[in-house]
Structures are given as C-alpha cells and as structure tokens.
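Summary of the model geometry
One letter stands for each residue in the lines below.
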Amino acid sequence: MPPLSLEQARRIALAAQGLHKGRPAGPVTSRTVGRTFAQIQLVQIDSVNVLSRSHFLPFFSRLGNYDRTILQRMSGVHPRRMVEYWAHEASYIRPEHYHDLLLWQRRAWVGAGRMDPGQRAAIAAKILDTLANSRPLTASELTARIGHIEERQELNWGWNWNAVKRVLEHLFEEGLVSAAARTEQFERKYTLTPRVLPHLDRNGDPDPAGALHRLTEAAAQAHGIGSIRCFADYFRTPVKATAQSVEHLVRTGRLEPVKVAGWNRDVYRHVEAVLPRRAVGRALLSPFDSLVFERRRLEELFGFHYRIEIYTPEHKRRFGYYVLPFLLRDRIVARVDLKADRAGGKLLARSAFAEPEAPADTAVELAAELALMAQWLGLGKVEVQPTGDLAPDLAKAVALG
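Residues numbered from 1 in each chain as written. Predicted model: local features only at pLDDT ≥ 70, side-chain atom pairs only at ≥ 80, totals over all residues. Heavy atoms only, no water.

**Here's the deal with the packing of helix 1 (residues 6–16) against helix 13 (residues 295–302)**
For clarity, the cut-off: In this description, a line fitted to the C-alpha atoms serves as the axis of each element, helices being fitted only across the stretch in contact, and the angle between N-to-C directions of two axes falls anywhere from 0 to 180 degrees. To qualify as a helix, a DSSP run of H or I must reach at least 4 residues; to qualify as a strand, a run of E must reach at least 2; elements of each kind are numbered from the N terminus. What sets the label is the angle itself: under 35 degrees gives roughly parallel, over 145 gives roughly antiparallel, 65 to 115 gives roughly perpendicular, and the rest give oblique. Here a residue-residue contact requires only that any non-hydrogen atoms of the pair lie within 4.5 Å. Under this grouping Gly is polar, as are all residues other than the nonpolar Ala, Val, Leu, Ile, Met, Phe, Trp, Tyr, Cys and Pro and the charged Asp, Glu, Lys and Arg.
Put simply, helix 1 and helix 13 touch, their axes get as near as 9 Å, and they point 130° apart. As summarised for this structure, helix 1 and helix 13 are arranged oblique, according to the angle between their axes. Across the interface between the two elements, Leu-6, Ala-9, Arg-10, Ala-13 and Leu-14 of helix 1 pack against Arg-297, Glu-300, Leu-301 and Phe-302 of helix 13. Residues that form the contact of helix 1 with helix 13 fall into these classes: six nonpolar, no polar and three charged.

Quick look at the structure:
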C-alpha cells in the first residue's frame, strides 16, 4: 500500500470523529445525538464551567445548536445510553464498555486505600445498605443519612474528601455503585449499579483479553488512524497490553498497518475508516474533546501545539485560561479563549490568535461559529476583547454579523 499523505490521514481522523462535514440542516434529535455518541465512544467529564460543562461541548462541535437535556435523559433515564465511569479520566461511556472497563481501570488515588480497613468496611456497608433502601443520594446527603461526623482535614490527596466520599469513590471504581444522575451543582447522585445497568452480569467469567480487544477496537474506530499509544490513551489502557490487542486486531483483519508521510512510528488504520475526498467542517473544540486527547498525535496530524493553561499562573499564560482550538475544513487555524458571561448575557472572546498560514476567511468563519455558540448558550451577543493577533479582524467580523 502506498503511504498516505498527511492530508489524507487528517481527513480519516476527522471523519472518524464526525468532524469532516457540516452540521445537520434540521433540528437535532436524540437519535442524532445518540449516533454521534456511538461514533466517538465517550466524552470526558470535567467540573470547569467557565463556558459550558465539558461533556456538552463535543456534541455542539459536531451538531451545532442542540438541546442539552437530551444528554441528561441519555445519562439519567432508563434505559441509559451513556453511563459514568473511568475511561479517559472521568467520562460518560457507552454502557457496553462498562464491564470491559471494570476489568482494566484502577484508580487507587481516590484515597480509600489509605483508610483503616475496618473503618472502610463499616462505612461501605452503611453506604450500600442506605442506597439499597433509598433514592439516589449525593455524598453529602449520604454523610448526613448515615450520621457520619468527621473533622475537616487539609490533606494533599482526595481533594479533602471526607471518609464517606472516599469510600463512595472506591465503591464506584469497583462497580458496586454508579452515578444515577448529576445535580445542578454537578455532584454525583449515587445509587447501586444494578439500578443503572440492570442487565450487567458481574458474575460472568471475566475475559480481560477479550475486554481489551473490544476497547482497543473501539478506540481505533474513534481514531480512524493512529498509533498504539493513541489507542491506549483513549480509554487509558496499559500500552503494552494494548499493543498485544493491536496485534490481535491486525491478525483478525480489523486493523491494517499503514504508512503516513512524516510519521516515524507504527501506524494502523481501522478497516471501516473512511477517507473523504475533502473536509468541509467547522468547529470550536473543547480542551477535553476526543480529537485533542493525544497531544503528540494532534501535533503530528495538524502541526498544532496545544496545552491547557487552566493551572498555569495567569501571568505565565500564552493564550488564555480556557482556550478552544478552531477547526476549519481540515486544519486547526486559530485558538480562542472563551468565557460565558451569563450575568451580562455575552459570550466573551478574551483572546484570539491565528495559526501560521491561517486562511483569509478565518476571522469570518470564527465569528459565525461564535455567533452559533452564543445562540446555543442562550447569550445575546459576542464580545471580542483586544488580545491576540486575530482579535482585530475577529471583532470586525463579529460587528458585521
């Protein structure tokens, strides 16, 4: 097979993520959202709400103006089409991946392992008994319900969680409790896992190898094209074990080795991945979007160096606090720091920077995308602040509307 050009590899990757085409012309239905979720396999959850909760943004990027309550129904109403678990960090995943991830995800850092085993067991028993006889409860509601009193401690682990919260997260990791929904304050409402996934067979024979084969293929489908490290990063599975699954998928004809111009590592293409003749999409990408998960792949494919600067001191930030890459056709052409000023009814572009060789229509297309995002967020106007080399042209394009 002749080597793929970098442009071809980009189009394969964009098509696999549903970012190569324009948005739906008509209203976005729950079926449309479900198909998009099935394509990208997972969405990462994050508590930062400076613009919108991170799991809402990938659907806007691909579908445009849609009703966010669709996701709340998909994750909070039976039969659920998305459930919470550890994957690429905390994520909403497809229910069929839940059992497979139980076999491969271990997040010991939640802190329950540092507790006295007797205390942990006693609290776990109270939690499970309470949840068996109640509606879904938050950690604070459970703490009150079981009568747990604890002096607040300032520690470097567990985000200063109390013992109930730490044990809850341990039970969540073990698959004994799950998130039934989230509150307005984004707290998990916990319940027993069989109430969220009534058909889950926890007693079936575990098949770790088969589980990893399925997770690796799902990651490869979501990538279209990528390396072993790319596929492992998607669900955060071990790289060495994922390499064995890749070999299995090559032997069984689900993956094929390919060459990509400029990539000096082994690359694989999923057999169902499509290569569009051109890419015509336009999207603002969340810092937690699955297209930008693996930063090395992002830089190799798009020549785009990207870091989230949320945890960087303000005076050291290059581009801003919550910076979204702007995808136009088959290139990432700009980046913009966004904030939803809900009190003022404005979408603020606090900075805007063009990438080298950005096309002439970058500011106009970005202005149109910002107008669509403001409409989706229920904000009345877009305001561009004068930071960044793209800001003056973007402000003019926004003013022209």
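So that's the structure; there's more coming.
**Some details on the environment of Thr-138**
This is how it is decided: Partly exposed residues are those whose accessible area sits between 20% and 50% of the maximum for their type, while under 20% is buried and over 50% is exposed, using a 1.4 Å probe and protein chains only. Counted as a polar contact is a pair of N or O atoms within 3.5 Å, where, for protein atoms, one must be capable of donating a hydrogen and the other of accepting one, and residues adjacent in sequence contribute only when both atoms are in side chains.
With respect to the secondary-structure elements, Thr-138 resides in the loop between helix 6 (117–132) and helix 7 (139–145). A relative accessible area of 4% places Thr-138 in the buried class. Separated by 30 residues in sequence, Thr-138 and Leu-168 have C-alpha atoms that sit 9.8 Å apart. With near-sequence residues (within four places) excluded, Thr-138 lies in contact with Thr-183, Glu-187, Arg-188, Lys-189 and Tyr-190. A distance of 3.1 Å separates polar atoms of two side chains, one belonging to Thr-138 and the other to Ser-140.

**Topic: the pairing of strand 4 (residues 177–182)**
Consecutive side chains along a regular strand alternate between the two faces of the sheet. Rules: Paired strands, in this sense, are two strands between which DSSP finds at least two bridges.
Bridge analysis of strand 4 against strand 5 (residues 188–192) gives five bridges, and the strand direction is antiparallel. Within strand 5, the position partnered with Ala-179 by the bridge is Tyr-190. From the end of strand 4 to the start of strand 5, which pair antiparallel, there are five residues, and Phe-186 there has a positive phi angle of about 70°.

**Here's the deal with the sheet that holds strand 13 (residues 381–384)**
If you trace the five strands from one edge of the open sheet to the other, you get 9-10-11-12-13, paired in mixed fashion. Two strands bound the open sheet, and with one partner strand each, they are strand 9 (282–284) and strand 13. The sheet shows a mean angle of 30° between the axes of neighbouring strands, direction not considered. In the sheet, strand 11 (residues 331–341) pairs with strand 12 (residues 346–354) via eight bridges, with the strands oriented antiparallel. Within strand 12, the position partnered with Val-336 by the bridge is Ala-352.

**Here's the deal with the pattern of salt bridges**
Quick note on the threshold: What counts as a salt bridge is simple: a side-chain nitrogen of Lys or Arg found within 4 Å of a carboxyl oxygen of Asp or Glu.
Under the criterion given, the structure shown has 22 salt bridges. The salt bridge involving Glu-169 is made with Arg-188; its shortest N-O contact spans 2.9 Å. Taken together, the residues Glu-169 in helix 8 (residues 163–174) and Arg-188 in strand 5 connect sequence positions 19 residues apart. In terms of burial, Glu-169 and Arg-188 fall into one category: buried. Several salt bridges converge on common partners, so that one network encompasses Glu-84, Lys-165, Glu-169, Arg-182 and Arg-188.

**Let's talk about the sheet that holds strand 3 (residues 89–93)**
With respect to topology, three strands assemble into an open sheet ordered 1-3-2, the strand pairing being antiparallel. Unpaired on one side and paired on the other, strand 1 (42–44) and strand 2 (83–87) mark the two borders of the sheet. Here the strands of the sheet are splayed against their neighbours by 40° on average, with no regard to which way each runs. Inspection of the sheet shows strand 2 paired to strand 3 by five bridges, in the antiparallel sense. In the sheet register, Ala-87 faces strand 3, and the bridge partner there is Glu-89.

**Concerning the domain arrangement of the protein**
Just so we agree on the cut-off: Where each domain begins and ends is defined by an automated method or by a domain database.
For the protein, the assigned domains read domain 1 (6–95 + 204–270), domain 2 (117–195) and domain 3 (307–400). Using only C-alpha atoms to locate each centre, domain 2 and domain 3 end up separated by 39 Å.

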